[in-house]
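Fold and contact review
Letter by letter, the chains look like this.
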Amino acid sequence: MTVVGTRMVRKEDPELLTGESRFVDDLVIPGARWLAMVRSPHAHARIGSIDASEALAMPGVEAVLTGPDLRDAWVAPMPCAWPVTDDMGNPEHFPVALDKACYVGDIVAVVVADSRYHAADGVDGVVVDYEPLDVVVDLEDSLTDRVVIHDALGTNRSYTWELIPDPEAVDQAFASAVHVVKERYLQQRLIPAAMEPRGVAVVPQPHGGEFTLWSATQIPHVLKVMLTATAGVPEHKLRVVAPAVGGGFGSKLNVYAEELITLAVARQLRVPARWTEERGENAHATIQGRGQIQDIELAADADGKVTAVRVHLLADMGAYLQLVAPGIPLLGAFLYHGLYDVPAYSFTCTSVFTNKTPTDAYRGAGRPEATYAIERAMDALARTMGIGPDEVRRRNFIPTEAFPYNSAGGLVFDSGDYAPNLAKALDLVRWDERKAEQARRREAGDPVQLGLGISTYVEMCGLAPSRVLASLKYGAGGWEAAQVRVLPTGTVQVVTGATPHGQGHETTWSMLVADKLGVDTDDIEVLHSDTAISPIGMDTYGSRSLAVGGTAIVMAADQVVDKARTIAAHQLEVAEEDLDFAGGLFTVAGSPDKELSIQALAFEAFTAHDLPDGMEPNLHASVSWDPPNFVFPFGSHIAVVEIDTDTGHVELVDYVAVDDCGNQVNPLIVEGQIHGGIAQGVAQALFEEAVYDEDGILKNPTLMDYLVPSTMELPSFTLDHTTTPSPTNPMGAKGIGEAGTIASTPAVMNAVVDALSPYGITDIDMPATPERVWQAIQAAGDGSSNGGTP
Amino acid sequence: MIPLAFDYVRVDSTEAALDALVEHGEDAKLLAGGHSLLPLMKLRLAAPSVLIDVGRLDELSYVRDGGDHVAIGALTCHHDLETNDLLADQAPLLRHAAGQVGDPQVRHCGTIGGSIAHGDPASDLPAVLLACRATVVARGPGGERTIAADDFFTGFLETALEPTELLTEIRVPKMAGAAWSFQKFNRRAQDWAIVGVALVRNGSAGIGLVNMGPRPLRATAAEAALDAGATAAEVAAVAADATEPTDDLNATADYRRHLAQVLVRRAAQAAGA
């Protein structure tokens, strides 16, 4: 009996649902000082004098620390681990600004007080003399260097990165094209808005020199290395713990100023220190996602076969480079031809600074942007040719027999079988029936128009082969570490370097090990997210945990079984090859009296009374695994929208997703990831945008104004799957954590444009708000519709 | 999300509430469900020095037959309104609209009196009271007075209540059998309306508009048109007359005027015009 492949309910949920799980803000730390940040209200301003006298006279306020006060707390500036080009402009900046604030929310001073309330009150007592400077908000304006944000760089341009394997082939393809599509799409900025805001707590042991730092982070292991590099605390004196973490979506894949500041205060004042982010701070000072202008061109022959894709991105880094920000557009660089067999390819990206919150990884990180551009452009090609969006895709899919497929961008797509997947989605959504209904409504001039939108996607995840990361100049590897221990009394500990923050790792890892060892999932404990318990790891992002971390666990479990087999053969006095292993029991064919359980063998390994010569005691195995390739999940998503042409309101009425993530360990968790992912992608299409005014002020920093959709705005999704195993790992598994987000945004926007196509509308900026849609209908106003007349 | 320091007083009777208002003066704010006041305090946009908590005054939580009207205690929560049988018979517009406020958690905490007394033009219930020609009852040190809904909403987040007065009751004329409609346009179900319309034909027409000016408004020209037998389109054409909608992130003023027309047309059609 195996559990892999079953819909096992998540082990971690009772603790989470009853409040037993402890998040950073739940920690009880006697004597901890609370920090509150004095943040710049200006997007760009020189910092003059800072007068803290009023704050220092307030109850409970113990200190106010400025950038210069804390300058010696850092041995290096804030880290950026991904210098994508040798000449990348990376402005030096520190956790507390020294002389200039470059976005609203930039930290100017830190208030230390005996309570959270006193710290918050203290902020109002710090008087900062700002000299406001001209502000750069728009990306193309930034490129002109009308205002240069970082004097030392002399330009707002950070880097230009190219992937043009054969420029002549691209030029030729466009020169000989029968159809050319040229589109510009805007990727608005998004606020990740994890349910738990960030938080940090640091407890020093001043005499031993050790520090324990708790953070609501996705990356305790990476953070520990970066804290050593930036704060200069010796790595062996640092313990980093990510306790229960309430979502991240990439926003907690970073090294933040507040982590360094809390560590610095605890170190300088020799007291425990803590900080919990407010929701408004989360909007201003946690990274934002997306923020790109995308120019994409397709060349196609007379049959609609795409012969070349040419892309240029202008990407918004915000005020400074955060941990992996420069690499985010490049995670999409290889995917702007989608899952289509395109021989010629050109990608360039220029990234610029603006006086806005820094950007970085947000669910999908580069791949949603790429998928959006190619999927919108494929629909544009279909419209140009007068063929269906399903047909244009079928004509261009990488053929199944071409796998493993060498892409024009230089990747090897591991496995794929695209056409049957799309066929299944079309069938589930009742495509022909709905197109007929659409035609009927158009004919009747129905005020509620119907739109259907397809998005077929492939993405690269399971980050990542370390050598590929090296070629992209990423500052670390992409392996993952695992240890499997069968304890003396037969229960099991699994130690992983992956760091869950909502993914259900404890359940999934238990299932993998349960099947390998033949033990019950309840007899397996998964340990993670504490560098004292799990000393090495590369953490959780990029849909990597199962494909990379899961593989390391499976390999460690296999090694445990191998060792147990050797002990069993020794003690039963049979050859190893004569042993069968099933259900946790080693047996000998034809000798029913000879058997040993893996639990019994663990005890034998613990006593070490009778082990083969030279064998180490204990039934443990450790593996660090570096994947040979990415994995390439794919799928077909179809959105059905109704548009009220009187008001412009877009209602998502049906949504079909057929995903292929290879073999599934737990379909329930897979579906949960897809559900949340779709919701987040729909949010970009219809609801969310970080709106900045011309002064660089964020206009919607509250959850009243920043519209994260709820279940009320979403239909019940129809999910199905195909199964094309990956050859990249022994489980045949591919990642699924980001696929829903990657696929859904273009599906919805293609549906919106499809509904509005009778008006001649070919694009709507995201989010497709009611007013934007209504305005577009008004602008189209040829009288062919009843839109706008009450 | 950290409010400034404040004092907190919980009262156990209407009289005690009035005494506390007199004692603490203009720096005090009454706290009922807290769903309007507390967010403002956490954003430090409001900083009352004293909160007088009237949330446990059960004596002000009721729905009663008042003869020609339904009498509703000011501290009746939205959930109790949306599930009330007397309202189903006699004031179905209010019952329905109460079920459109926020989300279930909000409706179990937020109260009709708190919503009315806050005077927010974006709230649903003020427009409903205007459409229904409701009156509210206020008690102060000098006794009790009734105020017509038309006279109650005086400006942005301003009402006719004196600082020492407590809103105690809302009286909604019975409207059994009257045609009515409530149209709420928003982007998320839980949000305030971008524009909303409450319409009832109880003898004469009443049309209240949500979020079409600095205070809750009646669409008087549209009411007159409806009473004069105009078509729904004709009623809608004057629905935005004399309104002063604002621009915000959700909508420009022009778009709000357009929405008001669309929603009034739909409401009028639903009510038989």
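Look a little higher up for the structure.
Heads up: these notes are all about the structure in this document. Sequence order as written defines the numbering, with residues in each chain counted from 1. All chains are assigned letters beginning with A, and all ligands numbers beginning with 1, in the order in which they are written. Since the coordinates come from a predicted model, pLDDT governs what is reported: local features require at least 70, and pairs of side-chain atoms require 80 or more to be given and counted, while whole-chain, interface and lining totals use all residues. Side-chain metrics in this entry use all non-hydrogen atoms of the structure; hydrogen atoms and water are not considered.

1. A word on the overall build of chain B
Our working rule: Strands here are runs of E lasting at least two residues and helices are runs of H or I lasting at least four, both read from the DSSP assignment and numbered beginning at the N terminus. Put simply, the radius of gyration uses C-alpha atoms, and a globule should come to 2.2 Å times the residue count raised to 0.38. Partly exposed residues are those whose accessible area sits between 20% and 50% of the maximum for their type, while under 20% is buried and over 50% is exposed, using a 1.4 Å probe and protein chains only. In what follows, residue pairs with any heavy atoms lying within 4.5 Å of each other are defined as contacts. To measure how exposed things are, a 1.4 Å probe is used in the Shrake-Rupley method; for residues, cover is taken only from the protein chains shown. His residues and chain termini do not enter the charge count, which takes Lys and Arg as positive and Asp and Glu as negative. For the purpose of locating charges, the reference atoms are NZ of Lys, CZ of Arg, CG of Asp and CD of Glu.
The helix and strand tally for chain B stands at twelve helices and 14 strands. In terms of overall size, chain B behaves like a compact globule, its C-alpha atoms giving a radius of gyration of 18 Å where 273 residues would be expected to give roughly 19 Å. Dimensions of chain B, computed from C-alpha atoms along their principal axes, come out at roughly 55 × 45 × 30 Å. Expressed as a percentage of its 273 residues, the buried residues of chain B come to 54%. Put simply, of all contacts in chain B between residues at least 6 apart along the chain, 62% involve residues at least 24 apart. By element, 47% of the accessible surface of chain B is carried by carbon and sulfur atoms, the whole surface being about 10900 Å². On chain B, the mean spot of the 23 positive side-chain charges and the mean spot of the 35 negative ones are 6 Å from each other.

2. A few points about the overall build of chain A
When helices and strands are tallied, chain A shows 21 helices and 28 strands. In terms of overall size, chain A behaves like a compact globule, its C-alpha atoms giving a radius of gyration of 28 Å where 790 residues would be expected to give roughly 28 Å. For chain A, the spread of C-alpha atoms along the three principal axes comes to 90 × 75 × 50 Å. The buried share of chain A, taken over its 790 residues, is 62%. In chain A, the share of contacts with a sequence separation of at least 24, taken over all contacts with a separation of at least 6, comes to 79%. Carbon and sulfur atoms form 52% of the exposed surface of chain A, whose accessible area is close to 27400 Å².

3. Things to note about the nonpolar core
All names here are of chain A. Our working definition: Buried residues of nine kinds, namely Ala, Val, Leu, Ile, Met, Phe, Trp, Tyr and Cys, make up a nonpolar core once their side-chain atoms join them within 4.5 Å.
By size, the foremost hydrophobic cluster in this structure holds 166 residues, and its most contacted members are Trp161, Ile261, Phe347, Phe413 and Val752. Beyond its immediate chain neighbours, meaning those up to four positions away, Val752 contacts Val641, Ile643, Val650, Leu686, Ile764 and Ala768. Among the nonpolar cores identified, the runner-up in size contains 47 residues, and Val486, Trp509, Ala569 and Leu611 belong to it.

4. Overview of the packing of aromatic side chains
Note the threshold: Side-chain rings of Phe, Tyr and Trp (the six-membered ring for Trp) are treated as a pair once their centres are within 6.5 Å; stacked means planes under 30 degrees apart, edge-to-face means over 60, and tilted covers the remaining angles. Over a ring means this: the NZ of a Lys or the CZ of an Arg is within 6 Å of the ring centre and within 35 degrees of the ring normal.
The full count for this structure, using the stated rule, is 19 aromatic pairs over all chains. For the pair Phe630 of chain A and Phe632 of chain A, a centre-to-centre distance of 6.4 Å together with 75° between the ring planes defines the contact as edge-to-face. A residue is classified by how much of its surface remains accessible, and Phe630 of chain A, at 2% relative accessible area, is buried. A cation sits over an aromatic face here: Arg310 of chain A above Phe174 of chain A, 4.1 Å from the ring centre. One residue, Arg64 of chain B, lies across the ring of Tyr62 of chain B, its end atom 3.6 Å from the ring centre.

5. A few points about the interface of chain B and chain A
Note the threshold: Simply put, the buried area is the total loss of 1.4 Å probe accessible area from both parts when two parts are fitted together. Salt bridges are identified by distance alone: a Lys or Arg side-chain nitrogen within 4 Å of an Asp or Glu carboxyl oxygen. Whenever two N or O atoms come within 3.5 Å, that pair is a polar contact, provided that in protein one can donate a hydrogen and the other can accept it, and provided that, for residues adjacent in sequence, both atoms are side-chain atoms. Any residue that is not Ala, Val, Leu, Ile, Met, Phe, Trp, Tyr, Cys, Pro, Asp, Glu, Lys or Arg is counted as polar, Gly included; the first ten are nonpolar and the last four charged.
Each side of the interface is counted separately: chain B has 26 residues, and chain A has 35 residues. Both sides of the chain B and chain A interface together cover about 2500 Å² of buried area, and 60% of this is carbon and sulfur. Run the count over chain B and chain A and you get five salt bridges. Arg266 of chain B is the partner of Asp644 of chain A in a salt bridge, and the nearest nitrogen-oxygen pair spans 2.8 Å. Viewed at the interface, chain A and chain B are joined by 15 residue pairs in polar contact (both at pLDDT 80 or more). Among the elements that line the side of chain B that touches chain A, the one with the most residues is helix 12 (residues 253-270) of chain B, at seven residues. Residue classes in the side of chain B that touches chain A are distributed as 14 nonpolar, six polar and six charged.

6. So, helix 17 (residues 545-572) of chain A
Keep this limit in mind: Helices are assigned an expected span. That span is 1.5 Å times one less than the residue count.
Here helix 17 of chain A spans 38 Å end to end across 28 residues, near enough to the 40 Å set by a 1.5 Å rise per residue. Burial analysis of helix 17 of chain A places 20 of its 28 residues in the buried class, the great majority of the element.

7. A short note on helix 21 (residues 770-780) of chain A
Listed as buried for helix 21 of chain A are Pro770, Glu771, Val773, Trp774, Ala776 and Ile777 of chain A. In this fold, the buried residues of helix 21 of chain A make contact with strand 26 (634-644), strand 27 (649-660) and helix 20 (739-756) of chain A together with strand 11 (179-185) and helix 12 of chain B.

8. Topic: the environment of Pro272 of chain A
Residue and element names in this part refer to chain A. Positionally, Pro272 belongs in the loop between helix 8 (257-269) and strand 12 (273-276). For Pro272 and Ala482, which are 210 residues apart along the polypeptide, the C-alpha to C-alpha distance reads 32 Å. Once residues within four sequence positions are removed from consideration, Pro272 is found in contact with Ile29, Pro30, Gly31, Ala32, Arg33, Val202, Val203 and Pro204.

9. Overview of the packing of helix 11 (residues 367-385) of chain A against helix 20 of chain A
Residues and elements named next belong to chain A. So the rule is basically this: For every element, the axis is a line fit to its C-alpha atoms; helices are fit only across the contacting stretch, and the angle between N-to-C directions ranges from 0 to 180 degrees. Roughly parallel means an angle under 35 degrees; roughly antiparallel, over 145; roughly perpendicular, 65 to 115; everything else is oblique. By convention the crossing between two helices is left-handed if the near helix lies anticlockwise of the far one by an angle smaller than a right angle, and right-handed if it lies clockwise.
Packing of helix 11 against helix 20 brings their axes to within 8 Å, and their N-to-C directions diverge by 30°. By the angle class used here, helix 11 and helix 20 are roughly parallel. Here helix 11 runs over helix 20; the crossing is right-handed. Within the contact between the two elements, helix 11 uses Arg367, Pro368, Thr371, Tyr372, Glu375, Arg376, Asp379 and Arg383 and helix 20 uses Thr741, Ile742, Thr745, Pro746, Met749, Asn750 and Val753. Class assignment for the residues of the contact of helix 11 with helix 20 results in six nonpolar, four polar and five charged.

10. A closer look at the packing of helix 17 of chain A against helix 18 (residues 598-607) of chain A
All names here are of chain A. In contact at an axis separation of 10 Å, helix 17 and helix 18 are set at 80° when each is read in the N-to-C sense. Taken together, the axes of helix 17 and helix 18 are roughly perpendicular relative to one another. Across from Val560, Val561, Ala564, Ile567, Ala568 and Gln571 in helix 17, the residues of helix 18 making contact are Ile598, Leu601, Glu604 and Ala605.

11. With respect to the sheet that holds strand 13 (residues 289-300) of chain A
Strand pairing in a sheet is mediated by backbone hydrogen bonds. Such pairs are either parallel or antiparallel. All names here are of chain A. The following threshold applies: Strand pairing follows a simple DSSP-based rule, namely that at least 2 bridges must link the two strands.
Taken together, the five strands give an open sheet; going across it, the order is 7-15-14-13-8, and neighbouring strands pair in mixed fashion. If you trace the sheet from one side to the other, it starts and ends with strand 7 (157-163) and strand 8 (179-190), each paired once. Neighbouring strand axes in the sheet, compared pairwise and without regard to direction, differ in orientation by 10° on average. Pairing of strand 7 with strand 15 (residues 344-353), which is carried by six bridges, proceeds in the antiparallel orientation. Pairing of Thr160 across the sheet is with Thr350, part of strand 15.

12. Focus: the sheet that holds strand 21 (residues 524-527) of chain A
Residue and element names in this part refer to chain A. Taken in spatial order, the four strands of this open sheet run 21-20-19-25, and their pairing is mixed. Edge positions in the open sheet fall to strand 21 and strand 25 (619-625), since each of these has one partner strand only. Between one strand axis and the next, the sheet turns through 15° on average, direction left out of account. Summarising the sheet, strand 19 (residues 480-486) and strand 25 pair through seven bridges and their orientation is antiparallel. Across the sheet, the residue bridging to Arg485 is His620, located in strand 25. Helix-sheet contacts for helix 16 (residues 505-517) involve strand 19, strand 20 (492-496) and strand 21, and the interaxial angle to strand 21 is about 130°. Sheet contacts for helix 17: strand 19, strand 20 and strand 25; angle to strand 25, the most-contacted strand, approximately 145°.

13. A look at the environment of Leu98 of chain A
All names here are of chain A. Its place among the elements puts Leu98 in the loop between helix 3 (67-70) and strand 4 (100-101). Here Leu98 falls in the partly exposed class, since its relative accessible area comes to 35%. Once the C-alpha coordinates of Leu98 and Gly740 are considered, the two residues, 642 residues apart in sequence, prove to be 41 Å apart. For Leu98, the residues in contact, after removing those within four places along its chain, are Gly67, Pro68 and Arg71.

14. Topic: the pattern of salt bridges
Residue and element names in this part refer to chain A. Applying the stated criterion across every chain yields a total of 57 salt bridges over all chains. A salt bridge links Arg189 to Asp316; the shortest N-O distance between them is 3.0 Å. One end of the pair, Arg189, is in strand 8; the other, Asp316, is in strand 14 (residues 306-318), and 127 residues separate them in sequence. Overall, the relative accessible area of 2% leaves Asp316 in the buried class.

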